[in-house]
Amino acid sequence: MGRNRGATCSLSSVEALSDLRDGELLIRRPEERDAETLLAGSRDPLVREFMQGVLLHPDQASAVRWITEVAPRLWAADRAAYFAVGRTDDPAPGAEGGPAIGLAELVDLRPAEGAAEISIWLLPEHRRMRTAASAMRLVCRFGFEELGLRRIDAYAAAENMGVQVVGASIGFRRAGFRPALFRSSRTLELHDAVYATLVPEDLC
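A brief structural summary. Keep in mind the model is a prediction, meaning the values are calculated, not measured.

Here's the deal with the overall build of the chain
Point 1. Looking only at helices and strands, the chain has five helices and eight strands in total.
Point 2. Traced from its N-terminal end to its C-terminal end, the chain shows the element sequence β-β-α-α-α-β-β-β-α-β-α-β-β.
Point 3. The C-alpha atoms of the chain give a radius of gyration of 16 Å, which matches the 17 Å a tight globule of 204 residues would have.
Point 4. A total of 204 residues make up the chain; the buried ones form 51% of that total.
Point 5. The long-range fraction of contacts in the chain, counting pairs at least 24 apart against all pairs at least 6 apart in sequence, stands at 66%.
Point 6. Of the roughly 9800 Å² that the chain leaves accessible, carbon and sulfur atoms contribute 51%.
Point 7. When the 25 positive and 29 negative side-chain charges of the chain are each reduced to one mean point, those points stand 3 Å apart.

Points about unusual backbone geometry
Point 1. You will see that Asp108, though not glycine, has its phi angle at about 50°, which is positive.
Point 2. With respect to the element layout, Asp108 can be found in strand β4 (residues 102-110).
Point 3. Phi is positive for Ala180, close to 45°, though the residue is something other than glycine.
Point 4. Tracing the sequence through the fold places Ala180 in strand β7 (residues 173-183).
Point 5. According to the relative accessible area criterion, Ala180 is partly exposed, its value standing at 39%.

Quick notes on the environment of Pro58
Point 1. Considering the arrangement of structural elements, one finds Pro58 in the loop between α2 (45-50) and α3 (60-76).
Point 2. Judged by its relative accessible area of 61%, Pro58 falls in the exposed class.
Point 3. Note: C-alpha distance between Pro58 and Val163 (105 residues apart in sequence) is 27 Å.

Description of the packing of helix α1 (residues 35-43) against α3
Point 1. It is at 8 Å that the axes of α1 and α3 come closest, and there the two elements cross at 110°. In this view, α1 runs roughly perpendicular relative to α3, as classed from their interaxial angle. Regarding α1 and α3, the two cross each other, and that crossing is right-handed. From α1, Ala35, Glu36, Leu38 and Leu39 reach across to α3, where they touch Gln60, Ala63, Val64, Trp66 and Ile67.
Point 2. Broken down by class, the residue content of the contact of α1 with α3 amounts to seven nonpolar, one polar and one charged.

Concerning the pairing of β4
Point 1. In terms of residue burial, β4 counts as a mostly covered element, since seven of its nine residues are buried.
Point 2. Two strands pair when backbone bridges link them, and strand β3 (residues 81-87) and β4 are joined in this way by five bridges, in the antiparallel orientation. Across the sheet, Val85 pairs through a bridge with Gly102, a residue of β4.
Point 3. Bridge count between β4 and strand β5 (residues 115-122): seven bridges; the pairing is antiparallel. Following the sheet pairing, Glu105 is matched in β5 by Ser119.
Point 4. Connecting β4 to the antiparallel partner β5 that follows it, the hairpin turn spans four residues, and Gly114 within it adopts a positive phi of roughly 65°.

A closer look at the nonpolar core
Point 1. The biggest cluster of nonpolar side chains holds 37 residues, and the ones touching the most others in it are Phe83, Leu106, Ile118, Cys140, Phe142 and Phe172.
Point 2. Residue assignment for this core shows that the elements contributing at least two residues are β2 (25-28), β3, β4, β5, α4 (129-146), β6 (151-157) and β8 (190-198).
Point 3. Per element, the largest residue contribution to this core is nine residues, and it comes from α4.
Point 4. Ignoring sequence-local partners within four residues, the contact set of Phe142 consists of Leu11, Val14, Leu17, Leu20, Ile27, Trp75, Ala81, Phe83, Leu106 and Leu147.

Analysis parameters
Residues numbered from 1 in each chain as written. Predicted model: local features only at pLDDT ≥ 70, side-chain atom pairs only at ≥ 80, totals over all residues. Heavy atoms only, no water. Helix = DSSP H or I, 4+ residues; strand = E, 2+ residues; numbered from the N terminus. Rg over C-alpha atoms; globule rule 2.2 N^0.38 Å. Buried < 20%, exposed > 50% of the residue type's maximum accessible area, 1.4 Å probe, protein only. Contact = heavy atoms within 4.5 Å. Areas by Shrake-Rupley, 256 points an atom, 1.4 Å probe, with all protein chains shown as cover. Lys, Arg positive; Asp, Glu negative; His and termini not counted. Charge placed at Lys NZ, Arg CZ, Asp CG, Glu CD. Axes fitted to C-alpha atoms, helices over the stretch in contact; angles between N-to-C directions. Parallel < 35°, antiparallel > 145°, perpendicular 65-115°, else oblique. Left-handed = near helix turned anticlockwise from the far one by under 90°. Nonpolar A, V, L, I, M, F, W, Y, C, P; charged D, E, K, R; others polar. Pairing = 2+ DSSP bridges. Core = buried A, V, L, I, M, F, W, Y, C linked by side-chain atoms within 4.5 Å.

This is how it looks when you write it as structure tokens:
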């Protein structure tokens, strides 16, 4: 598994995820059964406050359309990789891993730089540091091992200390401060952001 570190692989050439697991978690391509999770996340106050551009789905049908149509189209166009965060110990009939407990993404893919940006959210009942760290680690492994990325960036609201601690725990290093970088999806207020970055050698 994995790519040549000197070459960046296009996202569209990766049709299926390798067996990426970390303890009780795995990541996979989102499926229709994850629509309820996406719907809940799009309405979650914390997700909407600390993430920019969160689409508020009016109903489950809207979430299904996004998962089955929009996310695959962006993946095929090499624009963004979306992942469902699942549990290995919670199987669903005919589909290992059960419904998602959160979603993650690699966006702002820059092949020339070998770089991308990560973001992740979990449902409230699964927001524990160990779970969040495992999920973030898996997405970074995909970026490094499958796409051959040389750097993954992360931005967090300055007041969102929890996600900053999670990032630091797997090797992200603080690299800067960006005033008024992004607008809350909930309040539309601007948040200052902490910028951190991770290279393959630092992932732990």
